[in-house]
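Each chain, letter by letter, is given below.
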Amino acid sequence: MAGNNSFMTSLLALLDNDKFMKDVTSKPCWGKEQVNVKYYLNLVEKILNQAMAIVDDVAKNTQPKGDQCQSKSSTSLSLETSFPLSSTINELCYQITCKPRSNDVHQTMASLFNALSSFSWDAKAVLTLLALSVYYAEQCRLAQIEESDDLLSLTAMLRGSRAIGKSSNAERIKAFVALNNLIKVTLEFTKCAVEFVNYTKELGEFSASIDISARFYYIIVIVLGCSVQFSGLISMSNEFLGKDLWTFSDRVTTKYEYFKKEVENLREKHAEQISYEKIKQLSKYCTDIVELMAALFCTKNDFLTIYQCSKRTAVKVEKFKDKIVMLLISDLNLSDEDREILSGIYSESTFQSSNYKIMWVPIVEEHNEAMQKKFLDKRSEMRWYTSNSMVSKPAAKFIRKKWQFRQQTKVVVLNQQGKVVNMDAMAMIRLWGREAFPLTESKGQELWSRKGINWFKLVVNNMVFPDVEQSFEREELIFLYGSAEDSQTVQKIEKYLSEIKGYLGPYKALNISTKREKFLTRLESCLSSKMQASSDVYDCLMRELLELYTSYKQCGGFAVIAKGSSVVVSTGLMDFETVLSQHQKWVTQAQAFEAAFKKYYNEDVKKPHCHRFYIPNVVGNIPECIKCAKCSRYMKTAVAFECCHGDQPEPPVAASKWA
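Within any chain, residue numbers begin from 1 and follow the written order of that chain's sequence. Per-residue local features are limited, in this predicted model, to residues with pLDDT of at least 70; the limit for side-chain atom pairs, both in listing and counting, is 80 or more; totals at the level of whole chains, interfaces and linings are taken over all residues. Excluding hydrogens and water, the side-chain values take into account all heavy atoms of the structure.

Enquirer: Can you lay out the overall build of the protein chain for me, pointing to particular residues and giving the numbers?
Expert: Looking only at helices and strands, the protein chain features 27 helices and 14 strands. Exposure categories follow from relative accessible area, calculated using a 1.4 Å probe and restricted to protein chains: below 20% of the type maximum is buried, above 50% is exposed, and the middle band is partly exposed. In the protein chain, which comprises 659 residues, the share counted as buried stands at 50%. As displayed, the protein chain has an accessible area near 31,700 Å², and 49% of this comes from carbon and sulfur atoms. Numbering goes from the N terminus for both helices and strands, where a helix is a DSSP run of H or I of at least four residues and a strand is a run of E of at least two. To measure how exposed things are, a 1.4 Å probe is used in the Shrake-Rupley method; for residues, cover is taken only from the protein chains shown.

Rendered as structure tokens:
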């Protein structure tokens with residue numbers, strides 16, 4: 001065996017032979033002898049630590065005297081007078097030292113697994129490693145004694161083996177050290193796998209993602225490889241001087257590191273799940289806002305503190321005692337517009353003297369240095385409170401699941417007892433500012449119930465289009481239009497408006513192309529706030545909002561004609577362009593432009609047979625089923641996924657549509 005390298009080459013290939021591995025691991029373990037795996041693994045570690053120390057001392061040229069080792073061994077290891085698995089260990093020693101001489105890897109593995117057939121997978125691996133440790137320790141100990149024992153030196157030479165310490169070959173010593181390190185890795189691999197088995201009950205369903213029997217199979221293959229390498233190194237022959245040892249070691253280390261990372265990730269996920277369940281349970285029965293804030297935003301290293309941005313220092317979370325907390329939840333791309341709106345409210349003296357506190361809650365997918373820097377930069381722009389670091393994964397999971405955070409900025413309002421009084425007040429704040437307080441859902445209902453409420457004035461204001469509110473006051477004609485993709489139709493519309501401007505009088509043409517994000521944010525805020533106040537999709541105002549949004553998202557674009565702030569026509573971009581292109585047929589001096597347009601549009605434009613509308617995912621309180629407003633039948637429901645390809649900072653968003 002020592003002079004033949006083909007066995008080692010085949011063994012290397014076996015590490016990647018998934019079919020053979022699955023064939024072996026799929027066979028049932030008959031009888032399953034009961035083995036105290038933890039005890040035997042501890043025994044393996046004690047034996048190997050002392051045996052490996054001998055090789056380490058040889059490499060450092062500081063080999064201890066034999067009587068010192070003997071004394072250390074006798075006190076370190078103590079066994080029962082009877083050892084029930086001694087025959088099994090002897091058989092396994094034979095399997096891993098003598099069987100490989102056949103040069104048939106599959107035959108050797110089959111014979112080895114047959115000897116282990118009555119044991120569980122963790123016991124198979126530990127007992128095989130124990131057999132290696134016995135073989136390794138005996139040879140290392142004998143080699144050490146041979147240094148001062150002529151008789152043992154002579155018998156070793158007759159066996160064709162050499163003492164480890166007597167070798168003057170630097171390459172051989174280097175190979176011994178490499179093998180020693182490989183055995184250390186194998187021991188750690190085995191300890192990690194056994195620990196994982198003991199941990200599976202706690203991990204529950206998480207453990208199912210790792211095929212642990214495959215890991216124990218790999219360990220047994222590795223142990224056999226270590227035995228083959230060691231037998232070759234102690235041979236008098238120089239033909240097999242650690243061939244494939246470093247390649248084998250690299251492969252073993254890679255497999256161990258990958259497995260260790262898998263286990264670490266599982267433990268992390270398990271710990272996160274436990275933390276998440278604790279937060280979820282606390283949120284149900286919480287009676288104090290401080291208690292919930294500490295659970296969500298204070299890590300064990302924070303000492304129950306949060307960060308006050310204006311003072312650039314950590315403060316006790318008790319600052320929130322008996323306060324109403326506005327949780328500003330966003331990713332790290334919080335828009336300047338939203339920050340400025342809240343900064344304006346925060347700066348008001350009435351807010352400072354009120355019972356409200358604002359806390360920024362940054363949610364990110366990945367925690368890394370780049371994200372941490374971005375978090376710190378964004379934090380420096382704020383004046384209110386935030387967490388000392390990015391929100392933990394368990395807290396982020398709770399916020400996503402229970403408070404429905406989907407990357408779009410929202411404000412969750414908590415009362416003094418830590419209970420949610422508004423799942424998303426950001427829409428109200430964008431639309432009404434300080435007027436939206438006290439930010440309760442009932443306040444939202446009150447705002448939407450006001451006499452003369454006008455969605456057009458809420459969506460189209462000076463924040464989006466400067467000076468447009470003056471056009472409202474002057475009752476000017478307003479054309480609002482836009483498309484995410486159809487720029488040609490937009491250009492045609494602007495051309496036709498230029499051709500008929502003599503009939504229009506004072507008017508304002510508003511193309512949303514350069515204001516798209518601001519416009520859509522306000523439109524979606526209108527939809528969200530209105531749906532929160534009432535999920536009645538038959539409401540006239542709600543229908544107008546949904547039709548506008550659907551035209552933009554599903555019909556290639558939208559167009560609105562308004563007289564001042566009163567909407568006259570709201571339609572799809574293509575229909576709007578069609579009517580304008582035929583302006584010679586209906587434009588007259590005798591009738592107001594908007595009235596003539598509406599008459600021609602109603603009479604000559606063919607309306608779609610199917611009625612459908614599109615609801616963005618930012619909207620809460622979406623009804624499960626909806627009847628068509630035109631025929632009273634239940635509408636079909638579909639789910640769409642959309643990506644704006646960088647037009648907006650948000651990741652892909654799911655949306656619902658009814659038809």
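Enquirer: Go over unusual backbone geometry with me, naming the residues and quoting the values.
Expert: Residues Phe437 and Pro438 are joined by a peptide bond in cis, for which omega reads 15 degrees. Considering the arrangement of structural elements, one finds Pro438 in the loop between helix H17 (426-432) and helix H18 (441-448). Positive phi, close to 55 degrees, is recorded for Arg312, a residue that is not glycine. In this fold, Arg312 is placed in the loop between strand S1 (305-308) and strand S2 (313-316). Taking the relative accessible area as the measure of exposure, Arg312 reaches 55% and is therefore exposed.

Enquirer: So what's going on with the sheet that holds strand S4 (residues 356-362)? Which residues, and what values?
Expert: Two strands pair under a simple rule: DSSP has to find at least two bridges between them. Pairing is mixed in the open sheet, where seven strands are placed in the order S2-S1-S5-S4-S3-S6-S7. A single partner strand is all that each edge strand has here, and the edge strands are S2 and strand S7 (420-422). Relative to strand S6 (residues 410-414), strand S3 (residues 324-330) runs antiparallel, the two sharing five bridges. Within S6, the residue paired with Val325 across the bridge is Leu414. Note on definitions: a residue-residue contact is assigned when non-hydrogen atoms from the two residues lie within 4.5 Å. Between N-to-C directions, angles span 0 to 180 degrees; the directions come from axes that are lines fitted to C-alpha atoms, helices contributing only their stretch in contact. Against the sheet, helix H15 (residues 369-379) makes contact with S1, S4 and strand S5 (385-386), and its axis sits at roughly 155 degrees relative to S4, the strand it touches most.

Enquirer: An account of the sheet that holds strand S9 (residues 507-511) is requested, with residue identities and associated values reported.
Expert: In space, the four strands of this open sheet follow the order S9-S8-S10-S11, with mixed pairing throughout. Bordering the open sheet on either side are S9 and strand S11 (566-572), each of which pairs with just one other strand. Adjacent strand axes in the sheet meet at a mean angle of 15 degrees when their direction is disregarded. The strands touched by helix H27 (residues 593-604) within the sheet are strand S8 (477-482), strand S10 (558-563) and S11, with S11 carrying the most contacts at an inclination of about 40 degrees.

Enquirer: Report on the nonpolar core, specifying residues and quantitative values.
Expert: We call a set of buried Ala, Val, Leu, Ile, Met, Phe, Trp, Tyr and Cys residues a nonpolar core when their side-chain atoms join them within 4.5 Å. The biggest cluster of nonpolar side chains holds 84 residues, and the ones touching the most others in it are Met109, Tyr136, Leu179, Tyr217 and Phe259. In contact with Tyr217, other than residues within four places in its own chain, are Leu14, Phe20, Met21, Val24, Thr25, Met109, Phe113 and Trp121. Membership of the second largest hydrophobic core comes to 70 residues, among which are Cys309, Phe351, Phe375 and Val537.

Enquirer: Please set out helix H12 (residues 289-297) residue by residue, giving values where relevant.
Expert: Among the nine residues that make up H12, seven are buried, leaving the element largely enclosed by the rest of the structure. Listed in full, the buried residues belonging to H12 are Ile289, Val290, Leu292, Met293, Ala294, Leu296 and Phe297. In the core, the buried residues of H12 are packed alongside helix H11 (245-285), S3, S4, helix H16 (393-402) and S6. Two N or O atoms count as a polar contact when they lie within 3.5 Å, although within protein this holds only if one can serve as hydrogen donor and the other as acceptor, and sequence-adjacent residues are included solely when both atoms are side-chain atoms. Measuring from the side-chain oxygen of the N-cap residue of H12 to the backbone nitrogen of Val290 gives 3.0 Å; that N-cap residue is Asp288.

Enquirer: Tell me about the pairing of S4, residues and numbers included.
Expert: Of all seven residues in S4, six are buried; the element is thus mostly enclosed. We call a crossover right-handed when, viewed with both strands directed away from the observer, the connection leading from the first strand over the helix to the second proceeds clockwise. Traced from S4 through H15 to S5, the parallel crossover comes out right-handed.

Enquirer: Mind laying out the environment of Phe248, listing which residues take part and the relevant values?
Expert: Positionally, Phe248 belongs in helix H11. With sequence-adjacent residues up to four places away left out, Phe248 is seen in contact with Met8, Leu12, Leu15, Leu182, Val221, Ile222, Gly225 and Cys226.

Enquirer: So what's going on with the packing of helix H25 (residues 573-581) against H27? Which residues, and what values?
Expert: When two helices pack together, their arrangement is given by the angle between the helix axes and by the axis-to-axis distance. Orientation of H25 relative to H27, taken along the N-to-C sense of each, is 110 degrees, at an axis distance of 10 Å. When the axis of H25 is compared with that of H27, the two are roughly perpendicular. Once H25 is placed against H27, the crossing between them reads as right-handed. Judged by residue contacts, Asp575, Phe576, Val579 and Leu580 of H25 engage Phe593, Phe597, Tyr600 and Tyr601 from H27. Note on residue categories: nonpolar means Ala, Val, Leu, Ile, Met, Phe, Trp, Tyr, Cys or Pro, charged means Asp, Glu, Lys or Arg, and polar means any other residue, Gly included. Of the residues that constitute the contact of H25 with H27, the class distribution is seven nonpolar, no polar and one charged. We call two directions roughly parallel when the angle between them is under 35 degrees, roughly antiparallel when it is over 145, roughly perpendicular when it lies between 65 and 115, and oblique otherwise. A crossing counts as left-handed when the near helix is turned anticlockwise from the far one by less than a right angle, and as right-handed when that turn is clockwise.

Enquirer: Explain the environment of Ala562 to me, using residue names and the numbers behind them.
Expert: When you line up the elements, Ala562 lands in strand S10. Sequence separation between Ala562 and Lys508 is 54 residues; the distance between their C-alpha atoms is 9.9 Å. Contact partners of Ala562, with chain neighbours within four places excluded, come to Phe456, Glu476, Leu477, Ile478, Val567 and Val568.

Enquirer: Describe in detail the pattern of salt bridges, supporting the description with residues and values.
Expert: The salt bridge definition used is simple: a Lys or Arg side-chain nitrogen within 4 Å of an Asp or Glu carboxyl oxygen. Under the criterion given, the structure shown has 24 salt bridges. Residues Lys518 and Glu337 are paired through a salt bridge, measuring 3.7 Å at the closest nitrogen-oxygen approach. Taken together, the residues Lys518 in helix H23 (residues 516-533) and Glu337 in helix H13 (residues 336-347) connect sequence positions 181 residues apart. Linking Glu381 and Lys378 is a salt bridge whose minimum nitrogen-to-oxygen distance equals 3.8 Å. A relative accessible area of 38% places Glu381 in the partly exposed class.

Enquirer: Quick rundown of H18? Include the residues and the values.
Expert: Where H18 is concerned, the buried positions are Lys443, Gly444, Leu447 and Trp448. In an axial view of H18, the angular spread of the buried residues amounts to 135 degrees, which keeps them on one side of the axis. Of the surrounding secondary structure, the elements contacted by the buried residues of H18 are H17, helix H19 (455-459), H23 and helix H24 (540-554). The directions from the helix axis to the C-beta atoms form the arc being described.

Enquirer: I'd like a rundown of the packing of helix H21 (residues 487-499) against H25, residues and numbers included.
Expert: Where H21 meets H25, the closest approach of the two axes is 10 Å, and the angle between their N-to-C directions is 35 degrees. Pair H21 / H25 crosses with left-handed handedness. Contact residues: Thr489, Val490, Lys492, Ile493, Tyr496 and Leu497 in H21; Leu573, Met574, Phe576, Glu577, Leu580 and Ser581 in H25. Broken down by class, the residue content of the contact of H21 with H25 amounts to eight nonpolar, two polar and two charged.

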